[in-house]
Each structure stands twice: as C-alpha cells, then as structure tokens.
Amino acid sequence: ADFDAKKKRKVAEIYQALNSDPIDVAALRRMAISEGGLLTDEIRCKVWPKLLSVNTDDLPPLPAGKELREDNKDYQQVLLDVRRSLRRFPPGMPDDQREGLQEELIDIILHVLKRNPQLHYYQGYHDIVVTFLLVVGDRLATALVEKLSTHHLRDFMDPTMDNTKHILNYLMPIIDQVNPEVHDFMQSAEVGTIFALSWLITWFGHVLSDFRHVVRLYDFFLACHPLMPIYFAAVIVLHRQQEVLECECDMASVHHLLSQIPQDLPYESLISKAGDLFVQFPPSELAKEAAQQQAERTAASTFKDFELASVQQRPDTVLRQRFRERLRGEERLRGEERTKSILTKPRTNRFVKLAVMGLTVALGAAALAVVKSALEWAPKFELQIFP
C-alpha cells in the first residue's frame, strides 16, 4: 500500500510537470531517473518526446513501405535482423500481430536512414527501435528514433567503429576509479571491452530478457548524458566484482563471464550508482585521468622508477621518493590545496606497483589510445549534452 501511495504521488508529480507552462523538463528528467522511472507506457508516450525535445503536434506521416524498400542498400540486412528479433516481442503475442509490428519496424528503420543519409545502419540498431515501437507506436517512434539517431546514437552510426570504440574506452577508467583491483585483474586477463559492445549499442535491449527492465533503463538513458550507458555498463561489472576476481585470469574465461549478463540485477540501485559515478567522474575528468596516467607512464619516467626499484628492491622507497618529488612540484605549481588531494589519492602507490611489476609498457599503449580518442571527441560531445 505504501508503494502504491508513492507511485500515485509520482504520477501526480509527472503530470504536474507536463502541464506546467512551460513544461518542466528538468522535473521530468528527475522523474525518469528516480526510483521506478516513468512507471507506465502511457506516461512514456507523453514524457519521452519531451526528454528528446520532439514536437508531437506535427509528426510527419509515414511513407508507404513499398517505396522505402525498393533499391535500399540496407533493406536485406534490416530484414534479416528484424526476422531474428522474435524474442524482443512480448511472449504470447499472436503471430499476425507480431508480424505486423515487424513490418512497421522495418519501415521505421528505413525511413530514418533514408532521411539521414549520413547515418549508417548497424546490427543492434533494430533492438533500440523495437523498444520505441512497442512503447509509443510507429509514428511517434519514428520521430523519437530519428532524434535519438542524430544525437545519442550518432557515434554508433558512423561508417566505421572508431567512435564506438572511443566510448568503450571509457569503461576501464571508470572501473579503475572505483575498484583498481578489478581494473588490474581485467587488464591482466587482457579481456578488453568488447563484451560490453552489444550492451552499449542496443542500450541493453538486446541482452535483457525482461522488457520492463529495458524500458526502465531507457527512461534513465533518455534523461541523461549520452555517455550514461557506458557508466551503467561499468556499474554492472563492479556489481559482479567478486565473480570477476574469482574467475580464471585469462581472456576467454573473463570475457565469457562478463558477456553473460545476469537477469536478476538490482536495477534501481545500479541506476543510482551509475548516476553517482557520472557526477563523481564526469567524462571530461576521465579524459584528463587517462591523460594524466599517460603522462606518468612515459618511457623515461617508468625507466627511472624501474632503476630505483631494482636498485633498492623496495617499492615503498620509490613511492616515498616519487611522492616527495610530486609534492615539491605540486606545491610549486598549485599551492597547498593540490597537495591535500594528492595525499588522499591512491594513485602513486598503484603507479609504483605497476612499475615494479613491469606492466607499464602494455598499459601505456592502452592509456594512450584512450587519451587520444578522448581528446579528439570529448569536446564535440560535451557541446550536446542535452538537445
């Protein structure tokens, strides 16, 4: 009963935000993120367009499917993907109803691609589109998906995978900030981030079997920065830290474990955790973090640490020495404030450990890739945090 009362209150607040003049989009974002999300599909039909600033008053009519399908280079691939998407429809849905929806799904995808020739179809895109189709129907889904494709999903729709890889590059720095042990274990296993690719490019639609969980996540992602799905991916890995650390430390085992996503995740707590991490470690900070790591891992500085370590065989001596140098430099540069933050930052210790273990070379290459990509695309991305 308590839950019902809370739910009723939330519904009232959502409608209040929708009916205020101008519409209180900030409140709608909060509602979409907070516990339970937007609660019902009826509400989603009203709120999702506001989150994407899509005007629902003049939706363009959908063109006839036949003309879209003729001479469309993506038609065959879209057709294959949509035919394989049976499990994305509610179990028990009559065949003819599902087949009708699959036809609509093909039309929506081809329509958006035709109107935006700069966008390239990718396998998994249909998993996002079907979610919108099932929640808001074909006309509204077309408008929302088009907006989403030119904004949030834009990087996945390039001719190459480069920008998608850039986004995946953020996964490890986030994990590193929260749990360096899990990060180092994954680095040693050389597992990479490909296990999270299908999560990212389908907004988890492809990997979660319960539709309610999928739409709950869509409420969250639509209300947030376009990079939020990668934070959510990091939170899932961190949630499973014990399983990860108990796994064999090799690529195949860790990849297998991580790519099997558990279906009973505590979604609400993971969502708030992802939101917290985003605030603590915004993308711009992670780009800097990667850049800082890179600077510390240049060959000269690591070699010096190596020499020290091998002469003294005492990592803590190196640590103290490094620390004094850093403190002297920092004090000169930025006064007392910065010193405090260095003292509380557990970075230097890990750095020495890595230097002594001799892993720096391998990690340096990865860090460099993250930095370069982050610096290339972070500014462009920051500009369009919200449409």
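The shown structure was predicted, so the numbers you read here are calculated from the model rather than taken from an experiment.

**Considerations on the overall build of the protein**
Phase 1 of the analysis: When helices and strands are tallied, the protein shows 22 helices and 0 strands.
Phase 2 of the analysis: Counting every position in the protein, which comprises 387 residues, the buried fraction comes to 50%.
Phase 3 of the analysis: If you take every contact in the protein between residues at least 6 apart in sequence, the share linking residues at least 24 apart comes to 76%.
Phase 4 of the analysis: Carbon and sulfur atoms form 56% of the exposed surface of the protein, whose accessible area is close to 18,800 Å².

**A closer look at the UniProt feature "transmembrane region" (unreviewed entry) in the protein**
Phase 1 of the analysis: Those places that UniProt annotates as "transmembrane region" (unreviewed entry) correspond, in this numbering, to residues 191-208, 220-238 and 351-371.
Phase 2 of the analysis: The straight-line gap between the two end C-alpha atoms of residues 191-208 is 22 Å; of that span, 28% is helix and 0% is strand.
Phase 3 of the analysis: End-to-end, the C-alpha atoms of residues 220-238 are 19 Å apart, and along that stretch the chain is 74% helix and 0% strand.

**Quick notes on the side chain of Thr 202**
Phase 1 of the analysis: When you line up the elements, Thr 202 lands in the loop between helix H12 (197-201) and helix H13 (211-222).
Phase 2 of the analysis: Accessibility expressed as a relative area gives 2% for Thr 202, which makes it buried.
Phase 3 of the analysis: Residue contacts for Thr 202: discarding those within four places in its chain leaves Gly 124, Asp 127, Ile 128 and Tyr 218.

**What about the packing of helix H7 (residues 125-136) against H13?**
Phase 1 of the analysis: Two numbers describe how H7 lies on H13: the axes approach to 11 Å, and their chain directions differ by 100°. What the angle tells us is that H7 and H13 run roughly perpendicular. Between H7 and H13, the contacting residues are Asp 127, Ile 128, Thr 131, Phe 132, Leu 134 and Val 135 on the first element and Phe 211, Val 214, Val 215, Tyr 218 and Leu 222 on the second.
Phase 2 of the analysis: Class assignment for the residues of the contact of H7 with H13 results in 9 nonpolar, 1 polar and 1 charged.

**A word on the pattern of salt bridges**
Phase 1 of the analysis: In the structure shown here, the tally under the stated rule is 15 salt bridges.
Phase 2 of the analysis: Notably, a salt bridge pairs Asp 210 with Arg 212, separated by 2.6 Å at the nearest N-O pair.
Phase 3 of the analysis: Given the relative accessible area of 60%, Arg 212 is considered exposed.
Phase 4 of the analysis: What you see here is one network of salt bridges that share partners, running through Asp 41, Arg 44 and Asp 219.

**Some remarks on the state of the cysteines**
Phase 1 of the analysis: Per the stated rule, a full pass over the model turns up 0 disulfides.
Phase 2 of the analysis: Of the cysteine sulfurs around Cys 247, a residue in no disulfide, the closest is that of Cys 249, at 8.2 Å.

**Thoughts on the packing of aromatic side chains**
Phase 1 of the analysis: A complete count under the given rule lists 15 aromatic pairs for this structure.
Phase 2 of the analysis: Linked through ring pairs, Trp 48, Phe 132, Phe 195, Trp 199, Trp 203, Phe 204, Tyr 218, Phe 220, Phe 221 and Phe 232 together constitute an aromatic cluster.

**Some details on unusual backbone geometry**
Negative phi values dominate among residues other than glycine, just as trans dominates among peptide bonds.
Phase 1 of the analysis: Asp 21 connects to Pro 22 through a cis peptide bond whose omega is -5°.
Phase 2 of the analysis: One non-glycine residue, Leu 39, lies in positive phi territory at about 70°.
Phase 3 of the analysis: In this fold, Leu 39 is placed in the loop between helix H2 (25-33) and helix H3 (41-51).
Phase 4 of the analysis: Residues other than glycine seldom take positive phi values, yet Phe 204 does so here, at roughly 70°.
Phase 5 of the analysis: Inspection of the secondary structure puts Phe 204 in the loop between H12 and H13.
Phase 6 of the analysis: The exposure class of Phe 204 is buried, given its relative accessible area of 0%.

**Let's talk about the nonpolar core**
Phase 1 of the analysis: The biggest cluster of nonpolar side chains holds 108 residues, and the ones touching the most others in it are Trp 48, Phe 204 and Phe 232.
Phase 2 of the analysis: If you tally residues by element for this core, the top one is helix H14 (residues 228-239), at 10 residues.
Phase 3 of the analysis: Lining this core are residues from two domains, each supplying at least three of them: domain 1 (1-152) and domain 2 (159-280).
Phase 4 of the analysis: Contacts of Phe 232, omitting those with residues within four sequence positions, involve Phe 204, Leu 217, Phe 220, Phe 221, Tyr 267, Leu 270, Ile 271 and Ala 274.

**Side note on the environment of His 183**
Phase 1 of the analysis: Along the chain, the position of His 183 falls in helix H11 (residues 180-189).
Phase 2 of the analysis: Placed 10 residues apart in sequence, His 183 and Pro 173 show a C-alpha to C-alpha distance of 8.1 Å.
Phase 3 of the analysis: At 2.9 Å, the side chain of His 183 forms a polar contact with the side chain of Asp 184.

Calculation criteria
- Residues numbered from 1 in each chain as written.
- Predicted model: local features only at pLDDT ≥ 70, side-chain atom pairs only at ≥ 80, totals over all residues.
- Heavy atoms only, no water.
- Helix = DSSP H or I, 4+ residues; strand = E, 2+ residues; numbered from the N terminus.
- Buried < 20%, exposed > 50% of the residue type's maximum accessible area, 1.4 Å probe, protein only.
- Contact = heavy atoms within 4.5 Å.
- Areas by Shrake-Rupley, 256 points an atom, 1.4 Å probe, with all protein chains shown as cover.
- UniProt positions renumbered as here; feature names shortened; annotations may be inferred.
- Axes fitted to C-alpha atoms, helices over the stretch in contact; angles between N-to-C directions.
- Parallel < 35°, antiparallel > 145°, perpendicular 65-115°, else oblique.
- Nonpolar A, V, L, I, M, F, W, Y, C, P; charged D, E, K, R; others polar.
- Salt bridge = Lys/Arg side-chain N within 4 Å of Asp/Glu carboxyl O.
- Disulfide = S-S within 2.5 Å.
- Phe/Tyr/Trp six-rings, centres within 6.5 Å; stacked < 30°, edge-to-face > 60°.
- Core = buried A, V, L, I, M, F, W, Y, C linked by side-chain atoms within 4.5 Å.
- Domains from an automatic or database assignment.
- Polar contact = N/O pair within 3.5 Å; in protein donor to acceptor, adjacent residues only side chain to side chain.

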